[in-house]
Amino acid sequence: MSLELFLSQVVPVRSKLYRFAYRLLGDEEDAKDITQDALMKVWAMQGKMTELQNLEAWCMRITRNLALDKIKSRKYRIADTLDKASELPASHQKNPHAATERNEVMNKVHTAINALPEKYKSVMQLRDMDGLSYQEIADILDIDMNEVKVNLHRARKAVREKLQNQQVYGL
Amino acid sequence: MDYKSISALLEKYWDGESTLAEEAALKAFFSEPHPDMPEDLLEAAPLFQYLEEESAIRVPAEPEWDMSFLEETTVKTPPVVKMYPVKNWMKYAAIVLMAAGVGYGLKQHHASRQIAMEQLKEEEEARKAFIETKRALALLSRNLNKGTEKMQALSYFNTATEKLSVKD
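A quick note: this is a predicted structure, and the numbers were derived from the prediction, not measured.

1. With respect to the overall build of chain B
Here comes step 1: Helix and strand counts for chain B come out as six helices and zero strands.
Here comes step 2: Listing the helices and strands of chain B from first to last along the sequence gives α-α-α-α-α-α.
Here comes step 3: Here chain B holds 168 residues, and 21% of them are scored as buried.
Here comes step 4: Considering only residue pairs separated by 6 or more positions, chain B has 51% of its internal contacts joining residues 24 or more positions apart.

Okay, structure coming up:
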């Protein structure tokens, strides 16, 4: 029964878990390790699988917790946007001055989001980057839906204020 | 472009009340250049451009997963143990004996408790009778003492009368 459930409900979402881990960690190898660990952990707790209403959210929660542990234990640093930008193909940087300016602005936004407390950052990432519904976020973070909305409001407000203070405006 | 409706959507976004469709509309709006954008929209542009870039970030190809743990730890169904009720007659006999023993013990306990209660009742009645007798004897003694005092006074009087009659 558990094996069938695992194959039908967990295996199909493993690519989603991998994407989620990659977004959190920013590293291919680490994302792979964390996803593998998450799958094994889910399987180890197979007794719980039948009791859960949202198995996917539970898997996401396990992946997230493992990724956060990894970040904490190794003082992980996600490569900043400037580094990412330097890896972009040359065709994206037709105008070097405009590209530098854009990178600078993106870097400021990245810093503003990264400086948020973990709970705000997670909510903002899950909503604004992964496009999840409030209920899905609530299930993944194991919090109330109203709390999701409150945290999202506070996160966006904090980012907005930081960008206003730094006078970061549209390009 | 209707900037007013975009501004209204943006306000909902800042308040954390926007729907996914509204957020998609905002992302679509900010993904294109708008030269005469009002200031409230201009301040949100970098954030939406960043979110667009992050959403579009290319995740590396999915690796090969090692699913061998499924085979290693698949829960083996425990062997079915057949029950033979007749074979276990000693168990059932022991259970019946134990139940009879417990029943007998309880009955004995109940009986001894009843005897103790009766004894207590008898003791209480004896104690009450003793108190009553004691009270009656005390009353008798008090009255007897009164009579003795009177008799003593009479005795003094007699003695005095006898002495006077002797002198005469």
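2. Details of the nonpolar core
Here comes step 1: F6, V10, L39, V42 and M49 of chain A together with M67 of chain B are the most contacted members of the largest nonpolar core, which has 41 residues in total.
Here comes step 2: Looking at this core, the elements with two or more residues in it are helix 1 (2-10), helix 2 (14-25), helix 3 (28-44), helix 5 (55-73), helix 8 (118-129), helix 9 (134-141) and helix 10 (145-165) of chain A together with helix 5 (68-72) of chain B.
Here comes step 3: Sorting elements by how many residues they give to this core places helix 5 of chain A first, with eight residues.
Here comes step 4: The two domains that each donate at least three residues to this core are domain 1 (2-73) and domain 2 (81-165) of chain A.
Here comes step 5: Setting aside residues up to four positions removed in sequence, F6 of chain A forms contacts with V11, L39, V42, W43 and M49 of chain A together with M67, F69 and L70 of chain B.
Here comes step 6: Listed in part, the 29 residues of the second largest apolar core include V105 of chain A together with L10, F30 and A45 of chain B.

3. Section: the environment of A158 of chain A
Here comes step 1: Among the secondary structure elements, A158 of chain A is positioned in helix 10.
Here comes step 2: Judged by relative accessible area, which is 23%, A158 of chain A ranks as partly exposed.

Criteria and thresholds
Note that residues are indexed from 1 along each chain, following the sequence as it is written. Both sets of labels track the order of writing: A upward for chains, 1 upward for ligands. Given that this is a predicted model, residues contribute local features only at a pLDDT of at least 70 and side-chain atom pairs are listed and counted only at 80 or more, while totals for whole chains, interfaces and linings are drawn from all residues. As a rule here, side-chain values cover all heavy atoms of the structure and leave hydrogens and water aside. Numbering of helices and strands starts at the N terminus; helices are DSSP runs of H or I of at least 4 residues and strands are runs of E of at least 2. Summary of the burial criterion: residues with accessible area below 20% of their type's maximum are buried, those above 50% are exposed, and those between are partly exposed, where the area comes from a 1.4 Å probe applied to protein chains only. Contacts: residue pairs with any heavy atoms within 4.5 Å of one another. Among the buried residues, those of types Ala, Val, Leu, Ile, Met, Phe, Trp, Tyr and Cys that are joined through side-chain atoms within 4.5 Å form a nonpolar core. Either an automatic procedure or a domain database provided the assignment from which the domain bounds are taken.

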